[in-house]
Amino acid sequence: MTTAGDLSVELAEIPVGKYLGEREVEVTAELVARFAAGSSPFGGPIAPALIGSHEPWRFPGWYPMEVRGALHSRQQWDLYEPIPVGSRCLARAVVAERYPRRDRHVIVNEVVLASADGRPCARGRTHMSFLNRQPEGFVVDAGREQRPDRKFAPAEAPAIELIEDEPHLLTPELCLAATDGRDNYHSNPEIARQWGFPAVVVQGVFNANLVSALMTRRFGEGWFRGGHLDVRFVNVIWGGDTVQASVAVRELVEEAPRRRALCEAWVAKLDGTVTAIGSASAIVDA
């Protein structure tokens, strides 16, 4: 049986509504540097919009005992206001949902980040999927993404605007940084094999963070104040892959006194294999 240490408990001990606790998060320059660097249009340096990406794994008690083959399947974020570097915020986590999905069961960890005076800054919902039964051999191999049922693509309709990132090669150093410096199946090939994978599985949040960086670059404050993200992780990024994020503005809708840009977002390998796809939106001036 493969477990995730302090995260794991018996499945019966993970009911929906289970409060996982709270922890104070000090948004130090070091924390931000590990995640990303930069400043903002807010008059001082602020944390990246998805600075709370790793918070779900800092709360124990929401993983089942058997975690071999676990995959991050979906990530959602609602963004309300930026978090300044040097500030403190409070992270609270709860098991928000559980549901079946094909041969797996999914547990959703909802984390809310609030400012020191209690104002919500961001809400994230992390969907982790776990196998109901263990198969022989690898759980997922590199050939799976070539199957017809693993082919995904953005809409073919012309975009109002297309925003593209530069390609990113997932080196061992970047894989380790993407998992917040932790030694696990997202950074260590041997641990990956123990967990049922032939190679390092790049942490799913890397997809979301690439999309968030594009939304930040294009929409700035409109992403930090009112941004929404909902992406599904549909194929694995393996260590050594090169991926590129794209955002297509599909529609502008009224949200008085301004407008909201409704976007399609995806991440793909150089051969066109889509690893994540979903929606994002941000506020724009009228």
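Everything below is about the structure printed above this text.
Note that the structure is predicted; figures quoted are calculated from it, not measured.

Engineer: So what exactly am I meant to see when it comes to the pairing of strand 5 (residues 120-131) here?
Structural biologist: Where a strand is regular, its side chains alternate between the two sheet faces. Judged by how many residues are buried, strand 5 sits mostly within the fold: 10 of 12 residues are covered. Two elements, strand 4 (residues 104-115) and strand 5, share 11 bridges in a ladder whose sense is antiparallel. In the strand pairing of strand 5, Arg 104 is matched with Leu 131. Between the antiparallel neighbours strand 4 and strand 5 lie 4 residues, among them Gly 118 with a positive phi of about 95°.

Engineer: Where do I start with the pattern of salt bridges in this structure?
Structural biologist: Opposite charge on two side chains makes pairing possible when the charged atoms of those side chains draw close. A full pass over the atoms with the stated rule returns 20 salt bridges. Between Arg 125 and Glu 110 there is a salt bridge whose closest N-O contact spans 2.8 Å. Within this pair, whereas Arg 125 is found in strand 5, its partner Glu 110 is found in strand 4, the two being separated by 15 residues in sequence. For the residue pair Arg 125 and Glu 110, the accessibility class agrees, reading buried in each case. A salt bridge links Lys 269 to Asp 241; its shortest N-O distance comes to 2.8 Å. Here Asp 241 lies in the loop between strand 8 (228-233) and strand 9 (242-255) and Lys 269 lies in strand 10 (residues 258-269), a separation of 28 residues in the sequence. There is no split in this pair, since Lys 269 and Asp 241 are both buried. The structure contains a network of salt bridges with shared partners spanning Asp 78, Glu 97, Glu 110, Arg 123 and Arg 125.

Engineer: Looking at this structure, how should I read unusual backbone geometry?
Structural biologist: Trans is the common state for peptide bonds, and a negative phi is the common state for residues other than glycine. Residue Pro 257 is bonded to the preceding Ala 256 through a cis peptide linkage, with omega at 10°. Mapped onto the secondary structure, Pro 257 falls in the loop between strand 9 and strand 10. Here Arg 102, not a glycine, exhibits a phi torsion of approximately 50°, which is positive. Tracing the sequence through the fold places Arg 102 in the loop between strand 3 (88-101) and strand 4. The residue Asp 180 is not glycine, and still its phi comes out positive at about 65°. Mapped onto the elements of the fold, Asp 180 is located in the loop between helix 2 (172-178) and helix 3 (189-194). Relative accessible area serves as the criterion here: at 18%, Asp 180 is assigned to the buried category.

Engineer: Even after reading the chapter, I still don't get the nonpolar core, so can you show me in this structure?
Structural biologist: Looking at soluble globular proteins, one finds that nonpolar side chains tend to be buried together. Among the nonpolar cores identified, the biggest contains 38 residues, and Trp 62, Tyr 63, Ile 83, Met 128, Tyr 185 and Phe 197 are the most heavily contacted of them. Elements supplying a minimum of two residues to this core: strand 1 (19-26), strand 3, strand 4, strand 5 and helix 3. Judged by nonpolar contacts, the second largest core, of 37 residues, contains Trp 77, Ala 122, Val 202 and Cys 263.

Engineer: Could you clarify how one ought to interpret the packing of aromatic side chains in this entry?
Structural biologist: For any pair of aromatic rings, the description consists of the separation of the ring centres together with the inter-plane angle of the planes. For the coordinates displayed, the defined rule picks out 5 aromatic pairs. Between the aromatic rings of Trp 62 and Tyr 63, the centroid separation amounts to 4.9 Å while the plane-to-plane angle is 75°, which identifies the pairing as edge-to-face. Given the relative accessible area of 5%, Tyr 63 is considered buried. Plain terms: the ring middles of Tyr 63 and Phe 130 are 5.0 Å apart, the flat faces sit at 75° to each other, and that makes the pair edge-to-face. Taken as a pair, Tyr 63 in the loop between helix 1 (29-35) and strand 2 (71-79) and Phe 130 in strand 5 lie far apart in primary sequence, 67 residues in all. For the pair formed by Tyr 63 and Phe 130, the shared burial category is buried. Taken together, the ring pairs connect Trp 57, Trp 62, Tyr 63 and Phe 130 into an aromatic cluster.

Rules behind the numbers
Residues numbered from 1 in each chain as written. Predicted model: local features only at pLDDT ≥ 70, side-chain atom pairs only at ≥ 80, totals over all residues. Heavy atoms only, no water. Buried < 20%, exposed > 50% of the residue type's maximum accessible area, 1.4 Å probe, protein only. Helix = DSSP H or I, 4+ residues; strand = E, 2+ residues; numbered from the N terminus. Pairing = 2+ DSSP bridges. Salt bridge = Lys/Arg side-chain N within 4 Å of Asp/Glu carboxyl O. Core = buried A, V, L, I, M, F, W, Y, C linked by side-chain atoms within 4.5 Å. Phe/Tyr/Trp six-rings, centres within 6.5 Å; stacked < 30°, edge-to-face > 60°.

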